[in-house]
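For reference, the chains in residue letters:
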Amino acid sequence: MHITLVSSLDALCRAPALQHLSNGKMNTAVVIHDLLENGTVVRQVFHDGRLLERHENLLEHGCLSCTVRLDVAPTVERLLADGYEHIIMGLPPTMAASMAVHGITQGVKSPFTIGAVVLACDPSSLEDQMWDRHTLFGSGYTAARKEERTAGEFLLEELSFSDTVFVAGPFPSSAGNHRGRGLLLLRELAPHSTLIEAGSTRSPARHDAAEAQARSLPGRVRIPAADTSTVFTTVLHRVRRPLHPGRFRQALPQLAEGCVWLRGRLWMASAPTCRIAIQGIGPRVLLENTGPWAADLPDATNSHPAGSTDAILDWNAESGDRATVIAVTGEDIQPEELRELLDGCALTPAEIAQHPDGFPDPFGLDTSESTEAAEMEPRRK
């Protein structure tokens, strides 16, 4: 028994995705959940285009996680028991597919397989949504008042976790030029994804849970295998010496300006044993202490790295996996300027000798716990 999950920023993109995925499918139930402003969850179940049931359930806290725990997982369990071979679930707008997968896995006891995880989005709106400064609640995408993510943060989370993108639109307000730019941007942000649209005979990609989790880890860097875009560019750069915290703080606005997506990990001289993840999505840049480098773990040696695939690939005998690795995606990115900017932040041999006790930590990142530690707002070019 297979389950297909469809996440979206809004119901306008979700509807054509559900119709396409269910078209011609036998013994398939389509389940749609929506969270209303008063905390009510509306559940609709369809079969062959006919509405079989509609139910409203008032949740005490009115949150998306409660929606999964108290309604989505029990509904899946019941439909599986009814003998449906395929369930297509339209998640409430802005609900993370990873949250739904976790909730269903924990709450459903009958045997099932997550066959596909699909993000439905409109490419003509993608670039503007990535640069939206408001929260999801502030922009009207969700009724969950405590939702503090931006549209761009939600979309990047879904693009990383999903294996398939359903390209919705064009809608009446869509412009063809914006759609073309959005498709190019999708290829830069999610080169791993299979893109499908209404009328296509292409099937969704099979969901690879381990790979999806690996793509979503803070500090993980994945880039397109080849530069095929004529508008957007992704540049990757590594620095093998620790970064001077003061110079990096001054360089960060210039580094992030105009970048749709900035991500990677930092080796900061002010927190040398901490693997600092950097994530810049549109108008927000966040730094996060994700714990020690693999080279600083008790079982690490000069010749045997411990930890993730990134640690193994980045390993060298002198510094282990400690390094700054940053990828930047945006328009008019100048690779040489980016590399010069980052190389200029690295400590010189003289600075290393002059500061054996380290540097002050202007970001407040040298802590034992993984925490969100810094935020800034770069400009859109």
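Please refer to the structure placed before this passage.
Summarised in this report is the structure supplied together with it. (Residues numbered from 1 in each chain as written. Predicted model: local features only at pLDDT ≥ 70, side-chain atom pairs only at ≥ 80, totals over all residues. Heavy atoms only, no water.)

A closer look at the overall build of the protein chain
Of the regular secondary structure elements, the protein chain holds 11 helices and 14 strands. Burial analysis of the protein chain (381 residues in total) assigns 54% to the buried set. Excluding contacts between residues fewer than 6 apart, the proportion of contacts in the protein chain whose partners are at least 24 apart in sequence is 71%. As presented, the protein chain carries roughly 17,500 Å² of accessible surface, and 50% of it is formed by carbon and sulfur atoms. (Helix = DSSP H or I, 4+ residues; strand = E, 2+ residues; numbered from the N terminus. Buried < 20%, exposed > 50% of the residue type's maximum accessible area, 1.4 Å probe, protein only. Contact = heavy atoms within 4.5 Å. Areas by Shrake-Rupley, 256 points an atom, 1.4 Å probe, with all protein chains shown as cover.)

Some points on the side chain of H47
Note that H47 resides in strand β3 (residues 40–47). For H47, a relative accessible area of 15% gives the class buried. Within the structure, H47 has its side chain in polar contact with the backbone oxygen of T28 (distance 3.0 Å). In this structure, H47 is in contact with N27, T28, L52 and Y84, ignoring residues within four places of it in sequence. (Polar contact = N/O pair within 3.5 Å; in protein donor to acceptor, adjacent residues only side chain to side chain.)

Some words on the environment of G169
Relative to the assigned elements, G169 resides in the loop between β7 (164–167) and α6 (176–189). Its relative accessible area of 29% is what places G169 among the partly exposed residues. Spatially, the C-alpha atoms of G169 and S124 are 8.0 Å apart, while their sequence positions differ by 45 residues.

A few points about the packing of aromatic side chains
Working definition: an aromatic ring pair is given by the centre-to-centre distance plus the angle between the planes. Under the definition given, this model contains zero aromatic pairs. A cation over an aromatic ring shows up here: R263 above the ring of W261, its NZ or CZ 3.8 Å from the ring centre. (Phe/Tyr/Trp six-rings, centres within 6.5 Å; stacked < 30°, edge-to-face > 60°. Lys NZ or Arg CZ within 6 Å of the ring centre and 35° of its normal.)

So, the pattern of salt bridges
A complete count under the given rule lists 18 salt bridges for this structure. The salt bridge partner of R179 is E197, with a shortest N-O separation of 3.2 Å. With R179 in helix α6 and E197 in strand β8 (residues 194–197), this pair connects stretches of sequence that are 18 residues apart. Two residues, E336 and R339, come together in a salt bridge whose shortest N-O distance is 3.4 Å. With E336 and R339 both in helix α10 (residues 335–343) and three residues apart, this pair spans about one turn of that helix. Because the salt bridges share partners, they merge into one network encompassing R43, E53, D71 and R78. (Salt bridge = Lys/Arg side-chain N within 4 Å of Asp/Glu carboxyl O.)

Quick notes on the environment of E351
Looking at the secondary structure, you find E351 in helix α11 (residues 349–354). A residue is classified by how much of its surface remains accessible, and E351, at 16% relative accessible area, is buried. For E351 and H244, which are 107 residues apart along the polypeptide, the C-alpha to C-alpha distance reads 8.9 Å. What E351 contacts, discounting residues up to four positions off in sequence, is H244, R247, A346 and F359. At a separation of 2.8 Å, a polar atom in the side chain of E351 contacts the side chain of R247.

A closer look at the side chain of R149
With respect to the helices, strands and loops of the structure, R149 is situated in the loop between α4 (123–130) and α5 (151–161). Polar side-chain contacts of R149 include one of 2.9 Å to the side chain of E147. Among all residues touching R149, those that are not within four sequence positions of it are T94, A96, H134, T135, L136, F154, E157 and R284.

Considering the sheet that holds strand β1 (residues 2–8)
Read from one edge to the other, the open sheet built from eight strands follows the order β4-β3-β2-β5-β1-β6-β7-β8, with strand pairing classed as mixed. Among the strands making up the open sheet, the edge pair consists of β4 (50–58) and β8. Pairs of neighbouring strands in the sheet enclose a mean axial angle of 20°, with direction left out of account. Where helix α3 (residues 97–107) meets the sheet, its contacts fall on β1, β5 (86–90) and β6 (113–121), and the angle it forms with β1 comes to roughly 150°. Contacts from α5 reach β1, β6 and β7 within the one sheet, and its direction differs from that of β6 by about 145°. (Pairing = 2+ DSSP bridges. Axes fitted to C-alpha atoms, helices over the stretch in contact; angles between N-to-C directions.)

Let's talk about the nonpolar core
I3, L5, V76, L79, I87, M89 and I104 are the most contacted members of the largest nonpolar core, which totals 31 residues. Mapped by element, the contributors of at least two residues to this core are β1, β2 (28–35), β3, α2 (64–81), β5, α3 and β6. Here this core takes eight residues from α2, the largest share from any one element. Setting aside residues up to four positions removed in sequence, I87 forms contacts with H2, I3, T4, A29, V31, V76, L79 and L80. Of all hydrophobic cores here, the second largest spans 27 residues; its members include A256, V328, I333 and L342. (Core = buried A, V, L, I, M, F, W, Y, C linked by side-chain atoms within 4.5 Å.)

Taken by themselves, the reported measurements are silent on function.
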